[in-house]
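Here are the chains, one letter per residue:
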Number of protein chains: 2
Amino acid sequence: MVNEFYMLLAISEAWKYQGLTYPNPAVGCVITDKNGAILSVAAHKKAGFAHAELEASREALAQLNPLLKFPQSPNELHAFILQNHQNLLKDSTFYVTLEPCSHQGLTPSCAELLCALHVKRVVIGARDNTKKARGGSEILQKTGLEVIAGVCEKECKELIEPFLLWQKGSFSFFKLAMRLDGSYDNGTITSIDSREFTHRLRDVCDLIVIGGETLRSDKPTLDSRLVNGKAPDVLICTQKATEKNAPLFNVKSRNVIMQNSLDFPKKYKNIMVEGGSNFLQTMKDKVNWFLIFYSNSFSSKGKQRVKIDLNLKLIYSSNVGDDLFCWYKQTVD
Amino acid sequence: MVNEFYMLLAISEAWKYQGLTYPNPAVGCVITDKNGAILSVAAHKKAGFAHAELEASREALAQLNPLLKFPQSPNELHAFILQNHQNLLKDSTFYVTLEPCSHQGLTPSCAELLCALHVKRVVIGARDNTKKARGGSEILQKTGLEVIAGVCEKECKELIEPFLLWQKGSFSFFKLAMRLDGSYDNGTITSIDSREFTHRLRDVCDLIVIGGETLRSDKPTLDSRLVNGKAPDVLICTQKATEKNAPLFNVKSRNVIMQNSLDFPKKYKNIMVEGGSNFLQTMKDKVNWFLIFYSNSFSSKGKQRVKIDLNLKLIYSSNVGDDLFCWYKQTVD
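All of the points below concern the structure found in this document. Every value quoted in this text rests on a predicted model; they were computed, and no experiment measured them. (Residues numbered from 1 in each chain as written. Chains lettered and ligands numbered in written order. Predicted model: local features only at pLDDT ≥ 70, side-chain atom pairs only at ≥ 80, totals over all residues. Heavy atoms only, no water.)

Here the focus is the interface of chain B and chain A. Each partner contributes to the interface: chain B provides 41 residues, whereas chain A provides 41 residues. Approximately 3,200 Å² of surface area, both sides summed, lies buried where chain B meets chain A, with 58% of it carried by carbon and sulfur atoms. Sorting the residues of chain B by area buried against chain A places B:Met1, B:Asn296 and B:Phe298 first, and these three jointly supply 21% of that buried surface. For the pair chain B and chain A, the number of links is two salt bridges. Taken together, the links from chain B to chain A amount to 16 residue pairs in polar contact (both at pLDDT 80 or more). When contributions to the side of chain B that touches chain A are tallied by element, the ones reaching two or more residues are α1 (3–15), β2 (38–43), β6 (171–178), β11 (289–294), β12 (297–298), β13 (310–320) and β14 (323–330) of chain B. If you tally residues by element for the side of chain B that touches chain A, the top one is β13(B), at six residues. Considering only residue class, the side of chain B that touches chain A consists of 22 nonpolar, 12 polar and seven charged. In this sheet, β13(B) lies alongside strand β12 (residues 297–298) of chain A in antiparallel orientation, the contact comprising two bridges. Paired with A:Phe298 across the strands is B:Leu310, a residue of β13(B). (Contact = heavy atoms within 4.5 Å. Buried area = accessible area lost by both parts, 1.4 Å probe. Salt bridge = Lys/Arg side-chain N within 4 Å of Asp/Glu carboxyl O. Polar contact = N/O pair within 3.5 Å; in protein donor to acceptor, adjacent residues only side chain to side chain. Helix = DSSP H or I, 4+ residues; strand = E, 2+ residues; numbered from the N terminus. Nonpolar A, V, L, I, M, F, W, Y, C, P; charged D, E, K, R; others polar. Pairing = 2+ DSSP bridges.)

Pairing in this open sheet of nine strands is mixed, and the strands run β9(A)-β8(A)-β7(A)-β10(A)-β6(A)-β11(A)-β14(A)-β13(A)-β12(B) from one edge to the other. Of all strands in the sheet, those bounded by a partner on one side alone are β9 (256–259) of chain A together with β12 of chain B. Where strand β6 (residues 171–178) of chain A lies against strand β11 (residues 289–294) of chain A, six bridges are found, and the strand directions are parallel. Note on β11(A): the bridge partner recorded for A:Met178 is A:Tyr294. Sitting on the sheet, helix α7 (residues 161–168) of chain A touches β6, β10 (270–274), β11 and β14 (323–330) of chain A, and the angle it makes with β6(A) is about 135 degrees. Against the sheet, helix α8 (residues 192–204) of chain A makes contact with β6, β7 (207–211), β10, β11, β13 (310–320) and β14 of chain A, and its axis sits at roughly 140 degrees relative to β10(A), the strand it touches most. (Axes fitted to C-alpha atoms, helices over the stretch in contact; angles between N-to-C directions.)

Within this structure, the stated rule accounts for 35 salt bridges over all chains. Among the salt bridges present, the one from A:Asp263 reaches A:Lys286, with a minimum N-O distance of 3.4 Å. Taken together, the residues span a long stretch of sequence, with A:Asp263 in the loop between β9 and β10 and A:Lys286 in the loop between α10 (277–283) and β11 at a distance of 23 residues. Look at A:Asp263 and you get partly exposed, because its relative accessible area is 48%. Given a relative accessible area of 38%, A:Lys286 falls into the partly exposed group. Residue B:Glu274 is joined to B:Arg202 by a salt bridge in which the shortest nitrogen-to-oxygen separation is 2.8 Å. You can see B:Glu274 sitting in strand β10 (residues 270–274) and its partner B:Arg202 sitting in helix α8 (residues 192–204), a full 72 residues away along the chain. Salt bridges linked by common partners bring A:Lys45, A:Glu55, A:Arg58 and A:Glu59 together as one network. (Buried < 20%, exposed > 50% of the residue type's maximum accessible area, 1.4 Å probe, protein only.)

Ranked by size, the top nonpolar core spans 143 residues in total, and within it A:Phe94, A:Val122, A:Trp327, B:Phe94, B:Val122 and B:Trp327 carry the most contacts. Ignoring anything within four residues of it in the chain, the contact list for A:Val122 reads A:Phe94, A:Val96, A:Pro100, A:Leu114, A:Leu140, A:Leu145, A:Glu146, A:Val147 and A:Ile148. Counting 60 residues, the second-largest nonpolar core is a separate cluster that includes B:Tyr184, B:Ile189, B:Tyr268 and B:Val306. (Core = buried A, V, L, I, M, F, W, Y, C linked by side-chain atoms within 4.5 Å.)

Interpretation in functional terms is not warranted from these geometric data alone.
In structure tokens:
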């Protein structure tokens, strides 16, 4: 199959973890052996976890030698693979959505890893132009690996848009959960899987933004208890003075900011905005992306419905448990 | 990679043509070579076109020998491949969502083809229990091919539910196009790609069903002009006598039935129901599946909105052009 086929597999895997990898980019990786058989399809799942190339190497080696017992921590995993790869990935091809990193960050350089594994060919989607990570291709080429760059480049660049925005300042998205008819009455709409996914997103956000209406009507906690995660700081955009009687105020080591302004404080980089129709109307031009969870139901009793004008561009859709979830951007006409 | 990985690729490819293969089942096929490298991912696209196994063989051979010039018609293609395969698919593995057919139908037996190609292994999703096609596995096994059946069986059985219903009587689905807020005012909502897809579906339907409200307000033509296809018969379910002044009445060689009953005439097997909220409410328990096209927009001016109670199960989602489209079943609690 053509390079694009494997790159699209890698892209699709990476999207499953979009938003969860902060401050790292969402990256996917597919490895094929010297005969072209797929050995693994993997992605970077979370900062502090293995990079996509390392995770894909682990999964490929686990398949080729089921006796290998891999350590958990990415640094130990990197060292373990360097010592135990037995040239099993010699002459393989790596398809990576983003250029392998050149630098020692939380984990060692992926470019160096690929050289040590005696990989034959590295097919890259988007170049990494960030100051500390760039230069991976040069390391690979100097060691004699074949490098092909720019495969599905547009899709791979879209995948790392949040990452590039974190680099420059902040990335924000509006998260909405609704039924198929746009209704979203108070209470539980989506499945436990969607709510767990939301909590995983909250766990890696440094700021959740809500409007005064949500505060007053929902009295939310806005933590990530479903995944034993943290409670990010909260910004409440409201014009009215509001009683501080919601559970969100009672969470230790959290800052709650109340302001009569829609500007996000500069120190926050990964920002999730939550709310209903009115707050979506207020914030739609302030956020970068939109994440909508759809429960697969229509409800004639739905009193609250999204009623705004907004044209979106679908970037990714998938199911999470029984629900559907989609990432969108605003259309620029 | 495990068998399930390739089967899911085959299933995913088959779903792209769901509804378009009538009276044939939607079937997908992946071929890997003797070393496990993927040679092709293909599906059956339309009755009278190549079966999935034949189409996948063509695509694999085209890749292995770019000089081969394949004929168009499936019968000629079958004969051509038998003569020109040069053992290029020897020892390959075929992953097929449905057991290869044993019989000579519009095209020759796929099981016989696989034997002639000296395929090593055939991995099957769902068994074909239909009278005329069953027995493919026995042909393969008698010739010495390894057969593994029941991989992703549940998903593969779901894929052919429309086919099994056509066998027993009829399969019907409700097609709805709406915005993300459930609004669907008259006029064009979805993109040209979605409307072309709808016309491709109409082209293979033998009956379109609408309500009197759609007839009176939309005055539709209900043909498949966007794909130069046919205009299926139309059933109008209405309690009121209605003037026959819509363009749909002026299409040659079409039967239009008007009746004060919701029962589909027995002679029709592939039935597409089109309408808005009221007709969906009327028909929701009469149809087997639901197909919803979503344009990626919200409109505050949307006056007509879906306002019913309905719990669905998402079976497949994808994008068609800029839009999202989803196949659903009704949830059985």
